[in-house]
Amino acid sequence: MTQAASAPFVRVQGLTKVFGETTAVRSVNLSIERNEIFALLGSSGCGKSTLLRMLAGFETATSGQIFLDGQDITMLAPYERPVNMMFQSYALFPHMTVAGNVSYGLKQEGVARAEINDRVHEALRLVQMDSYAQRKPHQLSGGQQQRVALARSLVKRPKLLLLDEPMSALDKQIRHNTQIELVRILEQLGMTCFMVTHDQQEAMTMASRLAVMTEGEIRQVGSPQEVYAFPNSRFVAGFIGSTNLFEGVITVDESDHIMIECGDLPRPFYIDHGVSEPQGMAVAVSLRPERIRVARQAPDQAHNWAQGVVSHMAWMGSYALYQIRLDSGKVIEATMTSLLLADQDPPGVDDEVFVSWGHDSVTVLSS
């Protein structure tokens, strides 16, 4: 295979953007494969929207390069790039019909009328909005407007589709179904997609891979499962989902296990895998709430348990969320499925409980 054939479809190399004395994006390197749905996840102000706008051509990079399908597009104007962006607000023309909104870009490019009609019909059919072609935006729900905005982006057949917080304007109850439907459409078209979002669930639901960004830098890249199960830092562990962080010191480092002394536990953590950190090093231990068992009886194990009192409990429908104050005073969170709780007498607020977890349930973090 040649180097060109094996190159990523989108390659961002050393991309930096400086506004005055503020560095919004700092030396970012990213690779996106053809037909991939890639999510950039981060909180407000982390630089993700600036990075998206540089891909679209709306912001000029201070330094670095952007390659799309082997072409350097770093200095190309937005209209010269085979890229289309769907804005957070949808930005539909209120005086135009659905069909008019979708066809607008093609008319600006001088595409023949017959081809415009065919492509508009195809795009609206893909998003299941062909029967709404003559309606105006104000006659549509938020979810329907989102589909029209998507059709307007797809009709131009871009090599790369950019999505800016694509579901933020939708009601919570329809957001999940719309996310799944959008993934179906993109996969059906074989579209390469780069999306930015602050919504962890959205990124985990839609993306085949994601990157976590903070303070203008990429902290970790991987599949949603990899980033959730194996965060590479305290920041990522706390940002992706919920976790309980314990501070400790590696006191035993054997070939088949390590032990970490932690002041919040009666016995050291026992972990059945090795780490690259040396014995005696201070580390953090990430323990996800769903990996913790909550019971009234003491567990039959020498390590990986603690005793405490339930300080708060909330039924969340499919699971119960517990906050438990350990004997050390540290408060941790644990979740238990409703199905599991149905088979036992679930502890309530102020009940004394034991929490426990398996030898493979934690991630050791040094940064």
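Note: the structure precedes this text.
Residues numbered from 1 in each chain as written. Predicted model: local features only at pLDDT ≥ 70, side-chain atom pairs only at ≥ 80, totals over all residues. Heavy atoms only, no water.

Once that is clear, we can look at the environment of Gly348. The residue Gly348 is located in the loop between α10 (338-342) and β19 (352-356) in this model. The spacing of Gly348 and Met86 is 262 residues in sequence and 47 Å in space, taken between C-alpha atoms. Excluding residues that lie within four positions of it along the chain, Gly348 makes contacts with Arg296, Val310 and Met313. (Helix = DSSP H or I, 4+ residues; strand = E, 2+ residues; numbered from the N terminus. Contact = heavy atoms within 4.5 Å.)

Let's shift gears to unusual backbone geometry. Non-glycine residue Asn35 carries a positive phi angle of around 70 degrees. You can see Asn35 is positioned in the loop between β2 (22-32) and β3 (37-41). With a phi angle near 60 degrees, Gln128 is a residue other than glycine that sits in the positive phi range. Among the structural elements, Gln128 can be located in the loop between α4 (113-126) and α5 (142-154). Classification of Gln128 by relative accessible area gives partly exposed; the value is 46%. (Buried < 20%, exposed > 50% of the residue type's maximum accessible area, 1.4 Å probe, protein only.)

Below, the discussion takes up the sheet that holds strand β8 (residues 192-197). Reading across from one edge, β6-β7-β8-β3-β9-β10 is the order of the 6 strands in this open sheet, with mixed pairing throughout. Each edge of the open sheet carries a strand with a single partner, namely β6 (83-86) and β10 (217-222). Taking each pair of neighbouring strands and ignoring which way they run, the sheet shows an average axis angle of 20 degrees. Taken together, the 4 bridges between β3 and strand β9 (residues 209-214) define a ladder with parallel strand orientation. Counterpart to Leu41 in the pairing with β9 is Val212. (Pairing = 2+ DSSP bridges. Axes fitted to C-alpha atoms, helices over the stretch in contact; angles between N-to-C directions.)

Moving on to the pattern of salt bridges. Taken as a whole, this structure holds 13 salt bridges when the rule is applied. Salt-bridge contacts for Asp69 lead to Arg34; the nearest nitrogen and oxygen are separated by 3.0 Å. Residue Asp69 is located in the loop between β4 (63-68) and β5 (71-72), and its partner Arg34 is located in the loop between β2 and β3; the two are separated by 35 residues in the primary sequence. Judged by relative accessible area, which is 33%, Asp69 ranks as partly exposed. Where Glu36 meets Arg209, a salt bridge forms, and the shortest distance between an N and an O atom there is 2.5 Å. Remark: Arg209 occurs in strand β9 and Glu36 occurs in the loop between β2 and β3; sequence separation between them is 173 residues. (Salt bridge = Lys/Arg side-chain N within 4 Å of Asp/Glu carboxyl O.)

Moving on, we come to the nonpolar core. Val102, Leu124 and Leu150 are the most contacted members of the largest nonpolar core, which has 45 residues in total. When residues in this core are grouped by element, the largest group, 5 residues, is from α5. For Val102, the contacting residues outside a window of four places in its chain are Val120, Ala123, Leu124, Val148, Ala151, Arg152 and Val155. Counting 29 residues, the second largest nonpolar core, distinct from the first, contains Val285, Ala306, Met336 and Leu341. (Core = buried A, V, L, I, M, F, W, Y, C linked by side-chain atoms within 4.5 Å.)

On to the packing of α5 against helix α6 (residues 172-189), then. Where α5 meets α6, the axes come as close as 11 Å, and the angle between the chain directions of the two elements is 20 degrees. In terms of their interaxial angle, α5 and α6 are classed as roughly parallel. For the crossing formed where α5 meets α6, the hand is right-handed. In this structure, α5 contributes Gly143, Gln146, Arg147, Leu150 and Leu154 to the contact, and α6 contributes Ile174, Thr178, Glu181, Leu182, Ile185 and Leu189. Split into classes, the residues belonging to the contact of α5 with α6 amount to 6 nonpolar, 3 polar and 2 charged. (Parallel < 35°, antiparallel > 145°, perpendicular 65-115°, else oblique. Left-handed = near helix turned anticlockwise from the far one by under 90°. Nonpolar A, V, L, I, M, F, W, Y, C, P; charged D, E, K, R; others polar.)

Within this structure, the stated rule accounts for 6 aromatic pairs. Ring geometry for Phe269 against Trp357: centres 5.7 Å apart, planes inclined by 45 degrees, an arrangement best described as tilted. Of this pair, Phe269 sits in strand β13 (residues 269-271) while Trp357 sits in the loop between β19 and β20 (362-365), and the two are 88 residues apart along the sequence. Here Phe269 falls in the buried class, since its relative accessible area comes to 0%. Classification of Trp357 as buried rests on a relative accessible area of 1%. Three or more aromatic residues joined by ring pairs make a cluster, and in this case those are Phe246, Phe269 and Trp357. The ring centre of Tyr228 lies 4.0 Å from the NZ or CZ of Arg288, which sits over that ring. Above the ring of Phe246, the side-chain terminus of Lys330 is found at 5.1 Å from the ring centroid. (Phe/Tyr/Trp six-rings, centres within 6.5 Å; stacked < 30°, edge-to-face > 60°. Lys NZ or Arg CZ within 6 Å of the ring centre and 35° of its normal.)

These figures come from the coordinates and say nothing about function on their own.
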